[in-house]
Amino acid sequence: MSYIRAINVAKYFGTGEGKVAAVRSIDVSIEQGEFLCIMGESGAGKSTLLSMLGGLLSPSRGEVLIGDINIYELKPDKRADFRREFMGFIFQSFQLVPYLNVLENVQLPLAVTHHTEAEKKELAMSALERVGLKDKAHRLPNQISGGEQERVAIARAVVNEPPVLYADEPTGNLDSKNSAEVMKLLKRLNAEGQTIVMVTHSRHNAEYADRIIEVADGTIEESGPLFQAAAGASV
Amino acid sequence: MKLRDIAVNNLRRRKAKVFFLVAGLLVGVASVVALMTTTRILEEDIAHKMDEFGANIIITPRSEGLSLTYGGLSLGGLSFDLKEMSEDDAAKITTIKNSENIRYVSPKLFGVFENRGHKALAVGVDFDAELEMKKWWKITGQPPKAEDDVLVGKEAAEKFRVAPGDTLDIKGKTFKVAGVLHPTGSQDDGLVFISLPVSQQLFDKPGKVGMIEVAALCHNCPIAEIVTQISEALPAAKVTAVQQVVEGRMDTLHNFRKFSLGISGLILMVGSMVVFVTMMGSVTERTREIGIFSAIGFRRSHIMRIILLEAFVVSLIAGVVGYASGIGATRVLLSFLTDKVPHFSLDPIVPVGAVFLSIVIGLTASLYPAMAASRMDPSEALRTL
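Residues numbered from 1 in each chain as written. Chains lettered and ligands numbered in written order. Predicted model: local features only at pLDDT ≥ 70, side-chain atom pairs only at ≥ 80, totals over all residues. Heavy atoms only, no water.

Chemist: What should I look at first to understand the pairing of strand 9 (residues 211–216) of chain A in this one?
Modeler: On a regular strand, each side chain points to the face opposite its neighbour's, so the side chains alternate between the two faces of the sheet. All names here are of chain A. When you tally the buried positions in strand 9, you get 5 out of 6 residues, the bulk of the element. Here 5 bridges tie strand 3 (residues 35–40) to strand 9, and the two strands are oriented parallel to one another. Bridged to Ile38 within strand 9 is Ile213. (Buried < 20%, exposed > 50% of the residue type's maximum accessible area, 1.4 Å probe, protein only. Helix = DSSP H or I, 4+ residues; strand = E, 2+ residues; numbered from the N terminus. Pairing = 2+ DSSP bridges.)

Structure below.
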């Protein structure tokens, strides 16, 4: 049985005449340790699909299971706990909290856990070490480069070692050099056993994934390993 | 890293925002403190001045009276078992438990005299106490200073045809008319005021007094208590509170207090609205952040705690600074409102009340914004990025 399953999920926004289908009907299965890339044009529904897979957005229809837990059957507080323990998020434009320094930003998911202060600090420093930013722990986000901010966002996403990492356009605001560094970092995490689900526009970034699904007009148009999707074959 | 660190860091690193939030609440708290303190001090001052203005307790010798009627026809009345009071009784008044509330004690002795075919009532008084108590008196000439000086009421002066500087014979003794009272519209117009010791000699009642008027500061104590205490000290006397005077004074103070409470309530309402609007604005501005908190696994209660903790800190600062500013404003206000700045006293309940009020308003006004933030859908919040 697959680790993450989205079964016939759909998402509509608005009501009546103004009702818009962001995702029409999608089935996705993701294996543990897999690096899945969701591609598509702007407005295709890929970020909406990622939000539904990540427990951030209730589907209008269908269900999302992680293991054997239907995450949308959980109450909001339990779902928040589930997100904290099982998922890490890397958002577009880094989304660091501007008034917290690098170390504090990385510690954020631990703020509501039962770790001691020393443990929290140790975990955060360890995450920063993994992304190569241990020496910039006490800088504010506006005192480091865009590439470094993205790596801080990755450290924050992995600090509590969640089984799944969701990344929405993680290199959207980076130049090619920094993009490559971030993608190598994600690939390394995946090699260490991290399940990653990433949304991207970039076919170049998609090459780092094990599998790609192409979303268009709210449905999956193509799915398969990189070479097959790129060749236009259906799976 | 704890939730409180997030709140404290936010406040520490957004100084301008905190400044405006504190300022919004501070203005409200300072206004209320200033208004309440100014009102209290003015109220005390007014009460003090009103208490000094005339007597509010009258003490007369106790006597048994009998009203005689027969077949519905009034045959007049008579007094018997008439007791007398002495100057020692007047001194006893200053020994009661609430003696600090006794402002003036003015013993009086009455005696009738005849001059040029006209009869009049001479009243022996302690001129210092009498003149202090009857501040509304206006005198043509001078207030009496020497023992043989008299002060004559307007009607009495016309009756005896005397003016300041003239002489007036009372019971064979010649007095100098030091001054004549302007018409007062009271019984004072027909009286001749002489010094108490002289009146005791003239009417052959050494050491005796016929009536004692007392001006008591009854602002902070019930007048009934003072009446009871004087009655206990002077069992042979009848002690009566001039209810009309007492109630009139209390009414004035009551209205003054109601007015200040109304204004304070209005200011507090405006202050609460300022905090509410500012907190709502702050939450809207932080939509992105709140979305991140929610996405990474903060519960609704965690988000509420962060926002309410920030509101608590801001309110605490606003309460403390607001109290200090309010007291400062009171001093300035009093110097504008009064010619002579009244005694400035601090009420220990006000600082505690100011901080408590500030926290209650800050938290109440932030409750809805905090709830709105905690209920924010993380994907909706992140969509605004």
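Chemist: Just to check I follow, could you spell out the nonpolar core for this structure?
Modeler: Counting 78 residues, the largest nonpolar core has Ile38(A), Leu49(A), Leu53(A), Tyr166(A), Ile6(B) and Phe298(B) as the members making the most contacts within it. For this core, the element with the most residues is helix 2 (residues 15–52) of chain B, which contributes 10 residues. Filtering out sequence-adjacent residues up to four positions away, Phe298(B) remains in contact with Ala80(A), Leu108(A), Ala111(A), Val112(A), Leu3(B), Ile6(B), Phe293(B), Ile303(B) and Ile306(B). In this structure, Ile90(A), Ala127(A), Leu174(A) and Ala209(A) belong to the second largest nonpolar core, which totals 38 residues. (Core = buried A, V, L, I, M, F, W, Y, C linked by side-chain atoms within 4.5 Å. Contact = heavy atoms within 4.5 Å.)

Chemist: I would appreciate a short explanation of the interface of chain B and chain A in the present structure.
Modeler: Size of an interface: often given as the accessible area lost when the parts come together. Facing 28 residues of chain B, the contacting portion of chain A comprises 30 residues. With both chains or domains summed, chain B and chain A bury close to 2600 Å², and 60% of this area falls on carbon and sulfur atoms. If you sort the residues of chain B by the area they bury against chain A, Met1(B), Ile296(B) and Arg299(B) come out on top, with a joint share of 28%. Taken together, the links from chain B to chain A amount to 2 salt bridges. One salt bridge in this structure joins Asp81(A) and Arg299(B), with 2.4 Å as the shortest N-O distance. Taken together, the links from chain B to chain A amount to 14 residue pairs in polar contact (both at pLDDT 80 or more). If you list the elements that add at least two residues to the side of chain B that touches chain A, you get helix 1 (3–13), helix 9 (287–295), helix 10 (300–337) and helix 12 (378–383) of chain B. (Buried area = accessible area lost by both parts, 1.4 Å probe. Salt bridge = Lys/Arg side-chain N within 4 Å of Asp/Glu carboxyl O. Polar contact = N/O pair within 3.5 Å; in protein donor to acceptor, adjacent residues only side chain to side chain.)

Chemist: Please clarify how the packing of helix 9 of chain B against helix 10 of chain B should be interpreted in this entry.
Modeler: Working note: a packed helix pair is described by the angle between its axes plus the distance between those axes. All names here are of chain B. Contact geometry for helix 9 and helix 10: axes closest at 10 Å, N-to-C directions at 140°. Considering the angle they form, helix 9 stands oblique to helix 10. By crossing handedness, the relation of helix 9 to helix 10 is classed as right-handed. Packed against helix 9, whose contacting residues are Ile290, Phe293 and Ser294, the element helix 10 presents Ile303, Ile306 and Ile307 at the interface. (Axes fitted to C-alpha atoms, helices over the stretch in contact; angles between N-to-C directions. Parallel < 35°, antiparallel > 145°, perpendicular 65-115°, else oblique. Left-handed = near helix turned anticlockwise from the far one by under 90°.)

Chemist: Looking at this model, I keep getting lost on the domain arrangement of chain B. Mind explaining?
Modeler: Along its sequence, chain B is carved into domain 1 (3–50 + 251–383) and domain 2 (56–241). One C-alpha centre belongs to domain 1 of chain B, the other to domain 2 of chain B, and the line joining them spans 56 Å. (Domains from an automatic or database assignment.)

Chemist: Sorry, what's going on with a nonpolar patch on the surface here?
Modeler: The grouping of Phe312(B), Leu316(B), Ile317(B), Val320(B) and Val321(B) at the surface amounts to a nonpolar patch, some 370 Å² of accessible area in total. Position of Leu316(B) among the secondary structure elements: in helix 10. (Patch = residues over 30% accessible without salt bridge, like charges linked within 9 Å, V, L, I, M, F, W, Y side chains within 5 Å. Areas by Shrake-Rupley, 256 points an atom, 1.4 Å probe, with all protein chains shown as cover.)

Chemist: Where do I start with the pattern of salt bridges in this structure?
Modeler: Between side chains of opposite charge, a pair can form as their charged atoms come close. Considering all chains together, one arrives at 22 salt bridges over all chains under this definition. Here Glu34(A) and Arg211(A) are joined by a salt bridge, their closest N and O atoms 2.5 Å apart. With Glu34(A) in the loop between strand 2 (20–30) and strand 3 and Arg211(A) in strand 9, the pair connects residues that are 177 residues apart, well separated along the chain. On the basis of relative accessibility, which here comes to 9%, the residue Glu34(A) falls in the buried class. Looking at Arg211(A), the relative accessible area reads 19%, which means it is buried. Here Glu289(B) and Arg14(B) are joined by a salt bridge, their closest N and O atoms 3.1 Å apart.

Chemist: Is there a simple way to explain the packing of aromatic side chains in this structure?
Modeler: The description of an aromatic ring pair rests on the distance of the ring centres and on the angle between the ring planes. If you walk through the whole model with that rule in mind, you get 8 aromatic pairs over all chains. Here the aromatic rings of Phe89(A) and Tyr166(A) are separated by 5.5 Å at their centres, their planes lie at 20°, and the arrangement is stacked. Of the two residues, Phe89(A) is situated in strand 6 (residues 87–90) and Tyr166(A) in strand 7 (residues 164–168); the sequence distance between them amounts to 77 residues. Each member of the pair, Phe89(A) as well as Tyr166(A), carries the same accessibility label: buried. Taken together, a centroid distance of 5.5 Å and an interplanar angle of 75° make the contact between Phe19(B) and Phe20(B) edge-to-face. You'll find Phe19(B) and Phe20(B) in the same group, each marked exposed. Through a chain of ring-to-ring contacts, the aromatic side chains of Phe89(A), Phe91(A) and Tyr166(A) assemble into a single cluster. Over the aromatic face of Tyr12(A) sits the side chain of Lys19(A), whose NZ or CZ is 4.8 Å from the ring centroid. When the ring centre of Phe175(B) is taken as reference, the NZ or CZ atom of Lys173(B) above it lies at 5.6 Å. (Phe/Tyr/Trp six-rings, centres within 6.5 Å; stacked < 30°, edge-to-face > 60°. Lys NZ or Arg CZ within 6 Å of the ring centre and 35° of its normal.)

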